[in-house]
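Below are the chains, spelled out letter by letter.
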Amino acid sequence: MTANQSPVWHPFTQHGLGEPIPLICNAKDAKLYDADGNSWIDAISSWWVTTHGHANPRIMAAIRDQSEKLDQIIFAGWTHEPAETLAAELVRITPEPLTRVFFSDSGSTSVEVALKMALGYWFNIGEARSRILVLEHSYHGDTIGTMSVGERGVYNRAWQPLLFDVDTIPFPHEAMEQATLDALEAACAAKPAAFIVEPLILGAGGMLIYPAWVLAEMRAICARHGVLFIADEVMTGWGRTGTRFACDQAGVIPDIICLSKGLTGGAIPLAVTLCIEPIFDAHFSKDRGKTFYHSSSYTANPIACAAAKANLEIWRDEPVLQRVDALAEAQAAHLALLSQHPRVANPRRIGTIAALDVTAPDSGYLSSLAPRLAAFFRTRGILLRPLGNSVYVMPPYCTDATELGKVWEAIAASLDEL
Ligand SMILES: *Cc1c(COP(=O)(O)O)cnc(C)c1O
């Protein structure tokens, strides 16, 4: 089907370019299939969500079973077993101070909830704090609130009049880490409400990696100043960076953590925002005015919660981190082979995520590079979606050596042929 026959308006897609839009019928493990027998290796985990692989049998079975018991129930003042079990398990596997779980349905809404919790906390305890600190090049979603705390640019130009003001801390580039910490320290002195950060790697901002000690220092500065520390682990959670959560590597315990994408193994939408007890306490009252006024129709949908429960059981029963380590090692080896290529700059990796920048003689060439690269990979049976001139590989943990080899072969070919 071509785009101009379909009424569908796709996300982040310029329909005017007339690029083909493959119609996918099946997916299994790391592969996507169309009806004509074509297949693609899903080298970006269907936009960073698929962790164990497509159509994981345990997650699919959990969805089927739950769909025969309870499909949906209002969550304001009512509850159900999958949500209760899941919440208890999330509290158990995250650091002790994180005691409360608020459900929502996407990464963006989990961040909106985090921001509302932070401001609700200060409002309810009677301290006038409302400014948010953010890190340069951040991405936290595409709603008005999450765009406000993200990088301003071509992706949100039309809506900038609606975005609220934030204070931006410079990204901790190599050898510039102290400048970041000093800027954060100075900004914290003005008593902002919270600092929101993507731990260890900024995803949509270009797969920008920074060291664990910087994350730990940033957390310590916020703690010293009583500024709430929000970790947006929507992308980094569930093993991507080599540990279950990126914060684990830095020994960081946030005040609020946002989880989505891999929460259900990538099968079905669900998100959670976990927070420390004082934030819940600030809303706990006989006074209805202190209620946390946030909801969406499908909050804690039972089928989605059942999928997430199955994901946590997989983490409990299967050697997920061993698979992550093996994939990380294979990624490192492939990246090393390409790192000396004359058109490759800034090869970088954390855990299972590997990235490199493609250099080019002129900027005009660079500006059209991402869609041309994506098309090149698509015609070779690989789903990759470069961010500007950054090519990154973020595959499901079940991706085998042959599949991964084909992905990197295609990247090498693109450097030589484009
Ligand atoms: C993808 C992403 C989001 C937004 O999640 P959606 O489910 O797309 O709304 C938020 N934060 C980070 C770090 C992300 O990578």
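Criteria and thresholds
Residues numbered from 1 in each chain as written. Predicted model: local features only at pLDDT ≥ 70, side-chain atom pairs only at ≥ 80, totals over all residues. Heavy atoms only, no water. Helix = DSSP H or I, 4+ residues; strand = E, 2+ residues; numbered from the N terminus. Contact = heavy atoms within 4.5 Å. Disulfide = S-S within 2.5 Å. Near = heavy atom within 4 Å. Polar contact = N/O pair within 3.5 Å; in protein donor to acceptor, adjacent residues only side chain to side chain. Areas by Shrake-Rupley, 256 points an atom, 1.4 Å probe, with all protein chains shown as cover. Nonpolar A, V, L, I, M, F, W, Y, C, P; charged D, E, K, R; others polar. Phe/Tyr/Trp six-rings, centres within 6.5 Å; stacked < 30°, edge-to-face > 60°. Buried < 20%, exposed > 50% of the residue type's maximum accessible area, 1.4 Å probe, protein only. Lys NZ or Arg CZ within 6 Å of the ring centre and 35° of its normal. Domains from an automatic or database assignment. Buried area = accessible area lost by both parts, 1.4 Å probe. Salt bridge = Lys/Arg side-chain N within 4 Å of Asp/Glu carboxyl O. Axes fitted to C-alpha atoms, helices over the stretch in contact; angles between N-to-C directions. Left-handed = near helix turned anticlockwise from the far one by under 90°.

A.B. asks: Could you give an account of the side chain of T51, naming the residues involved and the relevant values?
C.D. replies: Here T51 shows up in the loop between α1 (45-48) and α2 (57-67). Every residue in contact with T51, bar those within four places of it in the chain, is listed here: W238, R240, G262, G265, P396, Y397 and C398.

A.B. asks: Describe the state of the cysteines, listing the residues and the values that go with them.
C.D. replies: Following the criterion strictly, the structure yields zero disulfides and no others. Not part of a disulfide, C247 finds its nearest cysteine sulfur in C258, a span of 11 Å. Looking at C305, it has no disulfide partner, and the nearest cysteine sulfur is the one in C258, 17 Å off.

A.B. asks: I'd love a proper account of the site of the ligand, names of residues and values included.
C.D. replies: The immediate surroundings of the ligand are formed by W48, S106, G107, S108, Y139, H140, G141, E198, D232, V234, M235 and K261. Between the ligand and the protein, one listed contact pairs an oxygen atom with a side-chain N or O atom of S108 at 2.7 Å. In this structure, K261 approaches the ligand through a side-chain N or O atom, which is 2.7 Å from an oxygen atom. Its free accessible area being 380 Å², the ligand has 83% of it covered by the protein chains. In terms of residue class, the shell around the ligand is built from four nonpolar, five polar and three charged.

A.B. asks: Summarise the packing of aromatic side chains; cite the residues concerned and give the values.
C.D. replies: Tallying each qualifying case throughout the model produces twelve aromatic pairs. Look at Y121 and W122: their rings are 4.9 Å apart centre to centre, the planes differ by 75°, and that puts the pair in the edge-to-face class. The same class applies to Y121 and to W122, which are both buried. Relative to F284, the ring of F280 lies with its centre 5.9 Å away and its plane at 40°, an arrangement referred to as tilted. On the basis of relative accessibility, which here comes to 30%, the residue F280 falls in the partly exposed class. According to the relative accessible area criterion, F284 is exposed, its value standing at 61%. For R100, the ring lying beneath its charged end belongs to F280, and the centroid distance is 3.8 Å.

A.B. asks: Before we move on, can you summarise the domain arrangement of the protein with the specific residues and values?
C.D. replies: Each assigned domain of the protein is listed here: domain 1 (15-37 + 319-417) and domain 2 (59-317). If you average the C-alpha positions of domain 1 and of domain 2, the two centres end up 28 Å apart. Opposite the 18 residues of domain 1 that make contact, domain 2 presents 19 residues. Buried surface at the junction of domain 1 and domain 2, both sides included, amounts to about 1,400 Å², of which 69% is carbon and sulfur. When the buried surface of domain 1 facing domain 2 is broken down by residue, V320, I350 and L387 rank first, second and third, together holding 34% of it.

A.B. asks: Outline unusual backbone geometry, supporting the account with residue identities and numerical values.
C.D. replies: Here W47, not a glycine, exhibits a phi torsion of approximately 65°, which is positive. Here W47 is to be found in helix α1. With a phi angle near 70°, L200 is a residue other than glycine that sits in the positive phi range. Note on L200: relative accessible area 1%, which makes it buried.

A.B. asks: Quick one: what's the story with the pattern of salt bridges, residue by residue and with numbers?
C.D. replies: Applying the stated criterion across every chain yields a total of 14 salt bridges. Note that K28 is salt-bridged to D29, the shortest N-O span being 4.0 Å. Across the pair E185 and R224 runs a salt bridge, and its minimum N-O distance is 3.0 Å. Highlighted residues: E185 in helix α6 (residues 177-188) and R224 in helix α7 (residues 212-225), separated in sequence by 39 residues. Look at R224 and you get exposed, because its relative accessible area is 56%.

A.B. asks: Would you mind going over the packing of helix α3 (residues 81-93) against helix α10 (residues 302-317) in detail, with residue names and values included?
C.D. replies: Relative to each other, α3 and α10 sit at 40°, their axes nearing to 8 Å. The way α3 lies across α10 gives a crossing that is left-handed. For the pair α3 and α10, the contacting residues are E81, P82, A83, T85, L86, E89, L90 and I93 in the first and P302, C305, A306, A308, K309 and L312 in the second. Counted by class, the contact of α3 with α10 contains ten nonpolar, one polar and three charged residues.

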